[in-house]
Amino acid sequence: MLAAIRHKVLSGTRLTEADALALFRSDDLFAIGRLASHVAEKQNGRHACFIVNRHINPTNICVNRCKFCAFSRSKGEEGAFELTLEEILAKLADASKAKPRITEVHIVGGLHPEWPFEHYLDMISAVRKNHPSLAIKAFTAVEIDYMAKISGLGIEDILRELKKSGLDFMPGGGAEIFAEGIRNRLCPEKISGDRWIEVMEAAHRTGIKTNATMLYGHQEGIEDRVEHLLRLRELQDRTGGFQAFIPLAYHPKNTEIGGFYSSGIDDLKTIAVSRLVLDNFPHIKAYWIMLGEKVSQTALLFGADDVDGTIIEEKITHMAGAMTGEGMTRDDLVHLIRKAGKIPVERDAFYNHLKVYDY
Ligand code: V47
Ligand code: SF4
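To start, this report covers the structure provided alongside it.

Quick notes on the rules
- Residues numbered from 1 in each chain as written.
- Chains lettered and ligands numbered in written order.
- Predicted model: local features only at pLDDT ≥ 70, side-chain atom pairs only at ≥ 80, totals over all residues.
- Heavy atoms only, no water.
- Near = heavy atom within 4 Å.
- Polar contact = N/O pair within 3.5 Å; in protein donor to acceptor, adjacent residues only side chain to side chain.
- Nonpolar A, V, L, I, M, F, W, Y, C, P; charged D, E, K, R; others polar.
- Core = buried A, V, L, I, M, F, W, Y, C linked by side-chain atoms within 4.5 Å.
- Buried < 20%, exposed > 50% of the residue type's maximum accessible area, 1.4 Å probe, protein only.
- Contact = heavy atoms within 4.5 Å.
- Helix = DSSP H or I, 4+ residues; strand = E, 2+ residues; numbered from the N terminus.
- Expected span 1.5 Å × (residues − 1).
- Pairing = 2+ DSSP bridges.
- Axes fitted to C-alpha atoms, helices over the stretch in contact; angles between N-to-C directions.

**Quick word on the site of ligand 1**
Here is step 1 of the chain: Close to ligand 1 lie 23 residues, the nearest being Phe-68, Lys-137, Gly-172, Glu-176 and Lys-285.
Here is step 2 of the chain: Here a nitrogen atom of ligand 1 sits 2.8 Å away from a polar atom, N or O, in the main chain of Phe-68.
Here is step 3 of the chain: Note that an oxygen atom of ligand 1 is positioned 3.4 Å from one of the backbone N or O atoms of Gly-173.
Here is step 4 of the chain: When its residues are assigned to classes, the shell around ligand 1 shows 12 nonpolar, 7 polar and 4 charged.

And the structure:
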């Protein structure tokens, strides 16, 4: 079976659902990894990217309270926080004064029960005004849908207003796992998979590029993973608006559903199968915060071509038991990539190369 899949990949034939299932079921991790690595090199050469960025979570107060999320709190609950615009700007001012300066800010948070849509516009406008050349990557499809609900506006109006205020592109969070049964168990209050796809399609139509994610390693089966990947591939065929796919390894600590950390084998296989199935995605990101520095480095030999960035402050995964640090320096990232035998590239938010390092 793997020989037939290998032949298909090498001849540029698209993999089917049955192929994707066979890859997930196979124990031949090395063969899958080698094939995925071949595809990654064809697309991106020996380059592996990172970005100098900072994450900011404006609030963890959230009306959804997904059962896999250790980050969210209800209003008034211990551990709940909400940053003022001044606090957000202060975090960014620090990151912009530091060397190297960040080129991207990644802003995502909970669905706050009291903030009006204008607050999100003010947030983006304030960041844009103070940092004219910073790329602003903000708000998941779940947050965009929420803004539409609380404002009574349509999705496209929300996206246009945000874009006018300075939003450059959107992260891929909130996709979780599209399959309905499991999604309803894990996050009954969250928008459906169909709605996530609809919001992303509207973003792409509005000229906003986005990423896509899949949360794996909780209670889903491989059929659910394959369905998820194929739905993303189908949308990408229609819009071409996705930049990177990021498989998110579930972290079980302090969550309602508990369970286990994903295994390194599963992490590498998921990266590799994603690379092989998502033939129309330019980039596969091995997010070092969730995979760990060493597995994300190894993932560069299994089809990934990006490890994300300096991050500086990370709450979502760390509140769920991440064992990584919260940030890495530019030098750390260059070293990590170089030691995987790849050419380190500092990129901007749109994958333009800012600096290609020796290797
Ligand atoms: O949407 C929540 C996930 C996402 C847990 O687009 C959890 O470049 C693991 O989407 N274990 C946020 N994951 C992170 C995210 C992201 C990160 C880095 C880069 C990009 C990008 C996007 O984290 C949430 C949710 O899917 N999440 N709880 C948990 N316990
Ligand atoms: Fe809220 Fe997002 Fe956490 Fe769900 S994953 S509870 S939507 S912050």
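**Side note on the nonpolar core**
General note: in soluble globular proteins, nonpolar side chains tend to be found buried as a group.
Here is step 1 of the chain: Counting residues in each nonpolar core, the largest one holds 115 residues, and the members touching the most others are Phe-139, Ile-144, Leu-162, Trp-196, Leu-232, Phe-245 and Leu-276.
Here is step 2 of the chain: Among residues more than four places away in sequence, those in contact with Trp-196 are Ala-141, Gly-172, Gly-173, Gly-174, Ala-175, Phe-178, Ile-191, Asn-211, Ala-212, Leu-232 and Phe-242.

**Re unusual backbone geometry**
Here is step 1 of the chain: Residue Pro-100 is reached from Lys-99 by a cis peptide bond, and omega for that bond is -5°.
Here is step 2 of the chain: One non-glycine residue with positive phi stands out, namely Phe-139, at about 70°.
Here is step 3 of the chain: With respect to the helices and strands, Phe-139 occurs in the loop between β4 (135–138) and α6 (141–151).
Here is step 4 of the chain: Judged by its relative accessible area of 1%, Phe-139 is buried.
Here is step 5 of the chain: You will see that Ile-311, though not glycine, has its phi angle at about 60°, which is positive.

**A few points about the site of ligand 2**
Here is step 1 of the chain: Around ligand 2 sit Cys-62, Asn-64, Arg-65, Cys-66, Phe-68, Cys-69, Phe-71, Ser-72 and Lys-190, and that is every residue in its neighbourhood.
Here is step 2 of the chain: Tallied by class, the residues present in the shell around ligand 2 amount to 5 nonpolar, 2 polar and 2 charged.

**Quick notes on helix α9 (residues 193–205)**
Every α-helix winds through 3.6 residues per turn, so residues three or four apart in the chain are directed the same way.
Here is step 1 of the chain: Compared with an ideal rise of 1.5 Å per residue, which puts 13 residues at 18 Å, α9 spans 18 Å between its outermost C-alpha atoms and is within 8% of the ideal.
Here is step 2 of the chain: Along α9, the positions that sit buried rather than exposed are Gly-193, Trp-196, Ile-197, Val-199, Met-200, Ala-202, Ala-203 and His-204.
Here is step 3 of the chain: Following α9 by one or two positions, Gly-207 has its phi on the positive side, about 90°.

**Structural notes on the side chain of His-204**
Here is step 1 of the chain: Its place among the elements puts His-204 in helix α9.
Here is step 2 of the chain: Taking relative accessible area as the criterion, His-204 reaches 11% and is therefore assigned buried.
Here is step 3 of the chain: In this structure His-204 touches Thr-210, Thr-239, Gly-241 and Phe-242, once residues within four positions along its chain are discounted.

**Description of the pairing of strand β10 (residues 353–356)**
Looking along a regular strand, one sees side chains alternate from face to face of the sheet.
Here is step 1 of the chain: Inspection of the sheet shows strand β9 (residues 343–347) paired to β10 by 3 bridges, in the antiparallel sense. In the sheet register, Val-345 faces β10, and the bridge partner there is Val-356.
Here is step 2 of the chain: Once β9 ends, the chain turns through 5 residues before running back antiparallel as β10, passing Tyr-351 with a positive phi of about 70°.

**Points about the sheet that holds strand β7 (residues 283–284)**
Here is step 1 of the chain: Taken together, the 3 strands give an open sheet; going across it, the order is β5-β6-β7, and neighbouring strands pair in parallel fashion. The open sheet has two free edges, formed respectively by β5 (210–216) and β7, since each of these has just one partner strand.
Here is step 2 of the chain: Strand direction decides the pairing type here: strand β6 (residues 242–249) and β7, joined by 2 bridges, are parallel. Following the sheet pairing, Ala-244 is matched in β7 by His-283.
Here is step 3 of the chain: Those strands touched by α9 are β5 and β6, and its axis lies near 160° from that of β5.
Here is step 4 of the chain: Docked against the sheet, helix α11 (residues 264–277) engages β5, β6 and β7, running at close to 160° with respect to β6.

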